[in-house]
Amino acid sequence: MKKFAKSLAIIAAAGLTLTACSAQADSGDSGDAKGAPTELVVTSFGGDWEAAYIEAVVEPFEEEYNAEITLVTLYSADAMAQLTAQKANPQLDVVHFSGGQEVAAAADGLIESIDPADLSNLDDLYPIAAEGLERGEGPVMQVTPIGLVYRTDKIDQAPTSWDDINNPDYAQHVALTDLSNTYGLLTLLAVNQHEGGDLDDIQPGLDSLGALVDSGAAFVIKTSADMQQAFSARDVWIAPYAQDYAETLRKADLPVEFALPSEGAPASFITANVVAGRDNADLATQLVDFSLRPEVQAKFAESMFYSPVNTKAELSEETGSRVVHGEDFGKLVRYDSAVVNEQRQSWTDAWNSRIAQ
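On a predicted model such as this, the values are computed, not experimentally measured, just so you know.

Undergrad: Just give me the short version of the overall build of the chain, but keep the residues and values in it.
TA: Across its full length, the chain holds 12 helices and 11 strands. A compact globule built from 357 residues would reach a C-alpha radius of gyration of about 21 Å, and the chain, at 21 Å, matches this within 12%. Dimensions of the chain, computed from C-alpha atoms along their principal axes, come out at roughly 70 × 40 × 35 Å. The 357 residues of the chain split such that 55% are buried. Taking the intrachain contacts of the chain between residues at least 6 apart in sequence as the baseline, contacts between residues at least 24 apart amount to 74%. A total accessible area of about 15200 Å² is found for the chain, and carbon and sulfur atoms account for 47% of it. The distance from the centre of the 21 positive side-chain charges to the centre of the 56 negative ones in the chain is 5 Å.

Undergrad: Which residues make up the packing of aromatic side chains, and what values do they have?
TA: Overall, the coordinates contain 9 aromatic pairs when judged by the stated rule. Where Trp49 meets Tyr53, the ring centres are 4.8 Å apart and the plane angle is 15°; that geometry is what we call stacked. Here Trp49 and its partner Tyr53 are both found in helix α1 (residues 47-65), 4 residues apart, which amounts to about one turn of the helix. Among the residues examined, Trp49 registers a relative accessible area of 5% and is labelled buried. With centroids separated by 5.3 Å and ring planes inclined at 70°, the aromatic side chains of Tyr241 and Tyr245 adopt a geometry described as edge-to-face. Since its relative accessible area comes to 1%, Tyr241 is described here as buried. Residue classification places Tyr245 among the buried positions, given a relative accessible area of 10%. In this structure an aromatic cluster arises from ring pairing among Phe45, Trp49, Tyr53 and Tyr75.

Undergrad: Describe the packing of helix α5 (residues 182-194) against helix α6 (residues 203-214), naming the residues involved and giving the relevant values.
TA: Put simply, α5 and α6 touch, their axes get as near as 7 Å, and they point 105° apart. Taken together, the axis directions place α5 and α6 in an arrangement best described as roughly perpendicular. Of α6, the residues touching α5 (which contributes Leu188, Val191 and Asn192) are Gln203, Pro204, Gly205, Leu206, Ser208 and Leu209. Of the residues in the contact of α5 with α6, the class split is 5 nonpolar, 4 polar and no charged.

Undergrad: Describe the pairing of strand β4 (residues 94-97), and please don't skip the residues or the numbers.
TA: Side chains Val94 and His96 project from β4 onto one buried face, and the interleaved Val95 and Phe97 project onto a second face that is buried too. Pairing of β4 with strand β10 (residues 265-274) involves 4 bridges; the strand directions are antiparallel. For Phe97, the partnering residue across the bridge sits in β10 and is Thr271.

Undergrad: Just give me the short version of the nonpolar core, but keep the residues and values in it.
TA: Nonpolar side chains in soluble globular proteins generally cluster together in the buried interior. Grouped together as the largest cluster of nonpolar side chains are 98 residues, with contacts concentrated most on Tyr53, Phe61, Phe231, Leu287 and Phe300. Ranked by residues supplied to this core, first place goes to α1 with 9 residues. Discounting residues that sit within four places of it in the chain, Leu287 has contacts with Leu40, Val42, Tyr53, Val57, Phe61, Ile69 and Val94. In terms of nonpolar packing, the next biggest core, distinct from the first, is built from 14 residues, Leu74, Ala106, Leu110 and Val275 among them.

Undergrad: I'd like a rundown of helix α10 (residues 294-304), residues and numbers included.
TA: Buried residues of α10: Val296, Gln297, Ala298, Phe300, Ala301 and Met304, and no others. Among the structural elements, α1, β5 (140-151), α8 (243-251), α9 (281-290) and α11 (317-320) are those in contact with the buried residues of α10. Count one or two residues on from α10 and you reach Phe305, which has phi positive near 60°.

Undergrad: Help me get a handle on the pattern of salt bridges, residues and values and all.
TA: Counting across every chain of the model gives 14 salt bridges. A salt bridge links Asp93 to Arg278; the nearest nitrogen and oxygen atoms lie 2.9 Å apart. One end of the pair, Asp93, is in the loop between α2 (76-85) and β4; the other, Arg278, is in the loop between β10 and α9, and 185 residues separate them in sequence. Neither residue differs from the other here; Asp93 and Arg278 are each classed as buried.

Undergrad: Explain the environment of Phe329 to me, and be specific about the residues and the numbers.
TA: Here Phe329 lies in the loop between α11 and β11 (332-333). Judged by its relative accessible area of 3%, Phe329 falls in the buried class. Sequence-wise, Phe329 and Thr311 are 18 residues apart; in three dimensions their C-alpha atoms are separated by 9.6 Å.

Undergrad: Go over the environment of Val213 with me, naming the residues and quoting the values.
TA: Structurally, Val213 can be placed in helix α6. Separated by 142 residues in sequence, Val213 and Ile355 have C-alpha atoms that sit 7.1 Å apart. The residues touching Val213, leaving out its near neighbours within four places in the chain, are Leu176, Ala218, Val220 and Ile355.

Undergrad: Tell me about the side chain of Ser307, and please be specific about residues and values.
TA: With respect to the secondary-structure elements, Ser307 resides in the loop between α10 and α11. Assessed through its relative accessible area of 1%, Ser307 is described here as buried. Looking at Ser307, its side chain comes within polar contact range of the side chain of Gln243, at 3.1 Å. Contacts of Ser307, omitting those with residues within four sequence positions, involve Val143, Pro145, Gln243, Gln297, Val323, Val324 and Phe329.

Criteria and cut-off values
- Residues numbered from 1 in each chain as written.
- Predicted model: local features only at pLDDT ≥ 70, side-chain atom pairs only at ≥ 80, totals over all residues.
- Heavy atoms only, no water.
- Helix = DSSP H or I, 4+ residues; strand = E, 2+ residues; numbered from the N terminus.
- Rg over C-alpha atoms; globule rule 2.2 N^0.38 Å.
- Buried < 20%, exposed > 50% of the residue type's maximum accessible area, 1.4 Å probe, protein only.
- Contact = heavy atoms within 4.5 Å.
- Areas by Shrake-Rupley, 256 points an atom, 1.4 Å probe, with all protein chains shown as cover.
- Lys, Arg positive; Asp, Glu negative; His and termini not counted.
- Charge placed at Lys NZ, Arg CZ, Asp CG, Glu CD.
- Phe/Tyr/Trp six-rings, centres within 6.5 Å; stacked < 30°, edge-to-face > 60°.
- Axes fitted to C-alpha atoms, helices over the stretch in contact; angles between N-to-C directions.
- Parallel < 35°, antiparallel > 145°, perpendicular 65-115°, else oblique.
- Nonpolar A, V, L, I, M, F, W, Y, C, P; charged D, E, K, R; others polar.
- Pairing = 2+ DSSP bridges.
- Core = buried A, V, L, I, M, F, W, Y, C linked by side-chain atoms within 4.5 Å.
- Salt bridge = Lys/Arg side-chain N within 4 Å of Asp/Glu carboxyl O.
- Polar contact = N/O pair within 3.5 Å; in protein donor to acceptor, adjacent residues only side chain to side chain.

Here it is as structure tokens:
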């Protein structure tokens, strides 16, 4: 009977050592179909993400490559901390990041550069998914665009611009997200860019969103749970938020849709990275490549409403109408993670001073 991958709690940064199953003498990087499987230790975000990852990647990969995947629940900051602490003796094979940590990980030699020739799906990826390879970062495997989530029973015509959150008809029915939430940070950067600012000057964005809050047209929430409560009980009609969360709201029987602003939009980019210094780097690279296959990308889109990074992913009509793909994918913006991570605290301080009073 096909077993599910084991899901472990967070491993202490210093201490506990996971002993990988031994590979065959004639192959250090992939299992022999007639022998014991080769183990890979892979980070997971837990919850629904993990369930989808097991179905779309873990189970079929284990069968095809005679591998055994152990999943370790580690969010991005914790995964980065563990990689840093275990640099001399790493215990992870593949690590997933959603907050841009791959930039620092590559610079610090914590992850392996992936040879583009080792990615069989490379030519089918949207360019933004592979741009980090030349910097030693892993490819983007999942994308969550940030745009405008709106109630279809309150707003007849889909919003088309970041300006729509300033529509006087929606005053007192707009929710913004605090910078403690990455989606709030990305919203600020998107509005700032729309207002003429850049990563060296976020004042235009602060002024625009600050004026919205000062006037009483919008209020600020912090978490995804708060956003659901805002739409269901606080009469919110429109909010800058994530594409996949619109599906969460629909599952809660809220009449919402997601709209991509015509000026372009930021996104949360999840990367898959091969950890440096491990014995099974080739098999780990094959796992990363496997996650980029069109059928795998389609499964993530259908189950999680992530945008596929493989141009050949075939989506159902309903999913295709609700996730950013095709020509619209070119409207997505990936901000410089090194700058964002360096400036985030100062931006948060400015936000707290101007808006979250």
